[in-house]
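Inside the fold
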Amino acid sequence: MGLAVVIDVFRAFTTAAYVMANGALRIHPVGTLEEAFALREKHHDWVLMGERGGKPVPGFDYGNSPHEVRDVDFSGRVVVQSTSAGTQGIVNASGADEILPGSFVMADAIVEYIRNRNPRVLSLVAMGWNGRERSPEDELLAEYIETRLGGREPDFQAMVDQIRAHPQGAKFFDPSKPEFVEGDFYCAMDLNRFSFCLKVVPGSPLTIVRCDR
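1. Points about the overall build of the protein chain
Counting its regular elements, the protein chain contains nine helices and nine strands. Against the globule reference of 17 Å for 213 residues, the protein chain gives a C-alpha radius of gyration of 16 Å, in line with a compact fold. Dimensions of the protein chain along its principal axes, counting C-alpha atoms only, are 50 × 40 × 30 Å. Burial status across the protein chain gives 53% buried among its 213 residues. Residue pairs at least 24 apart in sequence account for 72% of intrachain contacts in the protein chain once pairs closer than 6 positions are excluded. Only carbon and sulfur atoms are counted for the fraction: they give 47% of the accessible area of the protein chain, which is about 9,600 Å². Placing the 22 positive and 29 negative side-chain charges of the protein chain at their respective mean positions leaves the two points 3 Å apart.

2. A short note on the environment of Val30
Its location among the elements puts Val30 in the loop between strand 2 (26–29) and helix 2 (33–42). The exposure class assigned to Val30 is buried, which follows from its relative accessible area of 3%. Sequence separation between Val30 and Gln88 is 58 residues; the distance between their C-alpha atoms is 7.3 Å. Leaving out residues up to four positions away in the same chain, Val30 has contacts with Glu35, Ala36, Leu39, Val80, Gln81, Ser82, Thr87, Gln88 and Val91.

3. A closer look at the packing of aromatic side chains
Per the counting criterion, the structure on display carries 15 aromatic pairs. Relative to Phe60, the ring of Phe37 lies with its centre 5.3 Å away and its plane at 70 degrees, an arrangement referred to as edge-to-face. Taken together, the residues span a long stretch of sequence, with Phe37 in helix 2 and Phe60 in the loop between strand 4 (55–56) and helix 3 (66–69) at a distance of 23 residues. Accessibility expressed as a relative area gives 11% for Phe60, which makes it buried. Judged by centre distance (5.2 Å) and plane angle (65 degrees), the rings of Phe173 and Phe185 are edge-to-face. On the criterion of sequence distance, the pair formed by Phe173 in the loop between helix 8 (167–170) and helix 9 (182–188) and Phe185 in helix 9 is long-range, its members being 12 residues apart. Taking the relative accessible area as the measure of exposure, Phe173 reaches 23% and is therefore partly exposed. Among the residues examined, Phe185 registers a relative accessible area of 3% and is labelled buried. Each member of the aromatic cluster is reached from another via a ring pair, and the members are Phe10, Trp129, Phe172, Phe173, Phe180, Phe185 and Tyr186. Directly above the aromatic system of Phe173 lies the positively charged group of Arg164, at a separation of 3.7 Å from the ring centroid. Positioned over the ring face of Phe180 is Lys171, at 4.4 Å from the centre of the ring.

So, how was this worked out
- Residues numbered from 1 in each chain as written.
- Predicted model: local features only at pLDDT ≥ 70, side-chain atom pairs only at ≥ 80, totals over all residues.
- Heavy atoms only, no water.
- Helix = DSSP H or I, 4+ residues; strand = E, 2+ residues; numbered from the N terminus.
- Rg over C-alpha atoms; globule rule 2.2 N^0.38 Å.
- Buried < 20%, exposed > 50% of the residue type's maximum accessible area, 1.4 Å probe, protein only.
- Contact = heavy atoms within 4.5 Å.
- Areas by Shrake-Rupley, 256 points an atom, 1.4 Å probe, with all protein chains shown as cover.
- Lys, Arg positive; Asp, Glu negative; His and termini not counted.
- Charge placed at Lys NZ, Arg CZ, Asp CG, Glu CD.
- Phe/Tyr/Trp six-rings, centres within 6.5 Å; stacked < 30°, edge-to-face > 60°.
- Lys NZ or Arg CZ within 6 Å of the ring centre and 35° of its normal.

So this is what it looks like as structure tokens:
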């Protein structure tokens, strides 16, 4: 019940925001790779995007990297996304009346949407690493949203510093982990880059669409 913000800063819903900003019609979040490939079988022109364990999926068109897709023209395209954390959270949040994917690039648009809807119940779901381990970037976005809803201004730079110092942020600067590129960190920390938020439309499959102010 109520409104749920499913948060995945690194990197599902940062990537999704860039894809939608670059003209995609919609994104279908799915829980399994089998579902993604089955949708491609039915719709050969649909784009597959996602990861497992942070690494690109063989047979997918794109990984889970906002830096990789930031300059890609998705005009008129339909994208299927499957990740280890973010899309799992959406699929499993079926009890919520409304679901918003959460990332810093859409933070204030999310806050504005929540204020306008004024839900009786608000759930901020920090997915963390692989949906199992707590991670600061997701928890700090939840804190950012709570602070803004309370009428106060968060110290975003302090949040960035905390995220950068944590292993979940530091991995983007580790050359031994090429699946995590430095550009992804900066894309994800680009606060309020977009003036829209995203919302999930029920159906089979689920659909993520833009919700412009």
